[in-house]
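# What the coordinates show
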Amino acid sequence: MSQFEDQHITLKYWNGRGLMEIPRMLLAIAGKFPGDYTDGRFEEPEGNLDANLGRMPLIQVGSHYVGQSAAINFFIASENGLMGNNHLEAAQIISIAEHVKELQTSYRTIVAWGVEPTEEHLIKWFESGSSDVSGAAVEDGQGTRYLKWYMGRIENVLGTNGFAVGDKLSLADVVLYYAFGEHLKEGEAKEGLGASRKYPFGSKERMDAALATHPRIKASVDSVASNANFQKWLSIRGVQDF
């Protein structure tokens, strides 16, 4: 039994998905929904935010606070049996999360934050760049490691039984889903929200095509999408500002 099991959790974040949606998804997969915890959504930062240097995201666990999204994800996943079966699997899960973080940083070298991707941007991100997806990474291609390179490399390290790591859903699967599968359908996004905020890397069509050529990543994404508790979360989370 966790020493924090009886401690109420409050999530502190803006009124949107962003850096708090992975914790919400993890809680949902564990069968926990708003009411079991407080999903605080604020127009302005509120309360004691010292643990994240005066910023959000932040969670409060009883009288304790945790800032930074990686730490929050780790805590929520660990408390809900979503960090693998042992420390080795936990390390592998964290490794995959770091790979995805690198991928997202690479995307921002092409499409700056807050900018809607152009057709030229999409072609560059989805179709071009380094293609050495096995063996030692080619150093000369370091500056052009885009989607194909990262997906090819990540594909190689995932499990073959439908999950990213081990024999059950974990934080790694949710991170992969959030990067490659998460999208907002008609009526789920506030009016005027651009494609870059609704679809993975600005194009669901292109992302679906990329997933079709990476079966292990697709299986991991599908394992999250097909989870009944996860589907319940999508049905109740409401209109998103971003």
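Numbering of residues begins from 1 in every chain and follows the order in which that chain's sequence is written. In keeping with the model being predicted, local features are shown solely for residues with a pLDDT of at least 70 and side-chain atom pairs are shown and tallied solely at 80 or more, while totals for entire chains, interfaces and linings include all residues. Side-chain descriptors were evaluated using all non-hydrogen atoms of the structure, hydrogens and water having been removed beforehand.

Glancing now at the packing of aromatic side chains. Aromatic ring pairs: the centre-centre distance and the angle between the two ring planes describe each pair. Side-chain rings of Phe, Tyr and Trp, where Trp is taken by its six-membered ring, are said to pair if the distance between their centres is within 6.5 Å; with planes under 30 degrees apart they count as stacked, over 60 as edge-to-face, and otherwise as tilted. Using the criterion set out here, one finds eight aromatic pairs in the structure. Taking 4.9 Å as the distance between ring centres and 70° as the angle between the ring planes, the aromatic pair formed by Tyr-107 and Phe-201 counts as edge-to-face. With Tyr-107 in helix α3 (residues 87–107) and Phe-201 in the loop between α7 (195–198) and α8 (204–212), this pair connects stretches of sequence that are 94 residues apart. Taken together, Tyr-107, Trp-125, Tyr-146, Phe-180 and Phe-201 form an aromatic cluster joined through their ring pairs. Geometrically, a lysine NZ or arginine CZ counts as sitting over a ring once it is within 6 Å of the ring centre and also within 35 degrees of the ring normal. Above the plane of the ring of Phe-33 lies Lys-232, whose end atom (NZ or CZ) is 4.3 Å from the centre. Secondary structure follows DSSP: runs of H or I at least 4 residues long count as helices, runs of E at least 2 residues long count as strands, and numbering of each begins at the N terminus.

Take the packing of helix α1 (residues 21–29) against helix α2 (residues 69–79) next. Close contact between α1 and α2 brings their axes to 9 Å; oriented N to C, the two are set at 0°. Classified by the angle between their axes, α1 and α2 sit roughly parallel to one another. Counted together, Ile-22, Pro-23, Leu-26 and Leu-27 of α1 and Ile-72, Asn-73, Ile-76 and Ala-77 of α2 form the full contact between these two elements. Residues that form the contact of α1 with α2 fall into these classes: seven nonpolar, one polar and no charged. Axis definition: a line fit to C-alpha positions, over the contact stretch in the case of helices; interaxial angles, taken between N-to-C directions, run 0 to 180 degrees. When an angle is under 35 degrees it counts as roughly parallel; over 145 it counts as roughly antiparallel; between 65 and 115 it counts as roughly perpendicular; any other value is oblique. Two residues form a contact once any of their heavy atoms are found within 4.5 Å. In this classification, Asp, Glu, Lys and Arg are treated as charged, Ala, Val, Leu, Ile, Met, Phe, Trp, Tyr, Cys and Pro as nonpolar, and every other residue, Gly included, as polar.

Quick look at the nonpolar core now. Throughout this description, the term nonpolar core refers to a set of buried Ala, Val, Leu, Ile, Met, Phe, Trp, Tyr and Cys residues connected via side-chain atoms within 4.5 Å. Think of it in three bands: with a 1.4 Å probe and only protein chains considered, a residue is buried below 20% of the maximum accessible area for its type, exposed above 50%, and partly exposed in between. Core analysis: the biggest nonpolar cluster contains 64 residues, and Trp-125, Leu-147, Leu-176, Phe-180, Phe-201 and Met-207 have the highest contact counts within it. If one sorts the elements of this core by residue count, helix α6 (residues 171–180) sits on top with nine residues. Setting aside its immediate chain neighbours within four residues, Trp-125 contacts Leu-103, Ser-106, Tyr-107, Ile-110, Tyr-146, Leu-147 and Phe-201.

Strand pairing is assigned whenever DSSP identifies at least 2 bridges connecting the two strands. Ordered by their spatial adjacency, four strands build an open sheet running β2-β1-β3-β4, and the pairing between neighbours is mixed. This sheet does not close on itself; its edge strands, each paired only once, are β2 (38–41) and β4 (64–67). Taken over all neighbouring pairs, the strand axes of this sheet differ in orientation by 20° on average, direction set aside. The pairing of strand β1 (residues 9–13) with β2 spans four bridges and is parallel. Looking at the pairing, Leu-11 lines up with Asp-39 of β2.

Turning to α3, a few remarks are in order. Expected helix span is computed as 1.5 Å times (number of residues minus one). Here α3 is 21 residues long and its end C-alpha atoms lie 31 Å apart, about the 30 Å a rise of 1.5 Å per residue gives. Among the residues making up α3, those that are buried are Glu-89, Ala-90, Ile-93, Ile-96, Val-100, Leu-103, Ser-106 and Tyr-107. Capping of α3 at its N-terminal end is provided by Asn-86; its side-chain oxygen lies 3.1 Å from the backbone amide nitrogen of Leu-88. In the analysis that follows, any N or O atom pair within 3.5 Å is treated as a polar contact, provided that within protein one partner can donate a hydrogen and the other can accept it, and provided that, for residues neighboring in sequence, both atoms belong to side chains.

Here we come to the packing of helix α5 (residues 147–157) against helix α9 (residues 215–225). Interaxial distance between α5 and α9 falls to 8 Å at its minimum, and their mutual angle equals 75°. In terms of their interaxial angle, α5 and α9 are classed as roughly perpendicular. Taking contact as the criterion, the partners of Met-151, Ile-154, Glu-155 and Asn-156 in α5 are, on α9, Pro-215, Arg-216 and Ile-217. In the contact of α5 with α9, the residues fall into four nonpolar, one polar and two charged.

What follows is about unusual backbone geometry. Cis geometry marks the peptide bond from Met-56 to Pro-57, where omega comes out at 10°. You will see that Leu-53, though not glycine, has its phi angle at about 60°, which is positive. Note on placement: Leu-53 falls in the loop between β2 and β3 (58–61). You can call Leu-53 exposed: its relative accessible area is 67%. Although it is not a glycine, Gln-68 adopts a positive phi angle of roughly 75°. Take Gln-68: its relative accessible area is 42%, and that puts it in the partly exposed class.

The subject of this paragraph is the environment of Ser-134. Locating Ser-134 in the fold gives a position in the loop between α4 (119–127) and α5. Each C-alpha atom, one on Ser-134 and one on Asn-156, is 7.8 Å from the other, the two residues being 22 residues apart in sequence. Setting aside its immediate chain neighbours within four residues, Ser-134 contacts Arg-153 and Asn-156.

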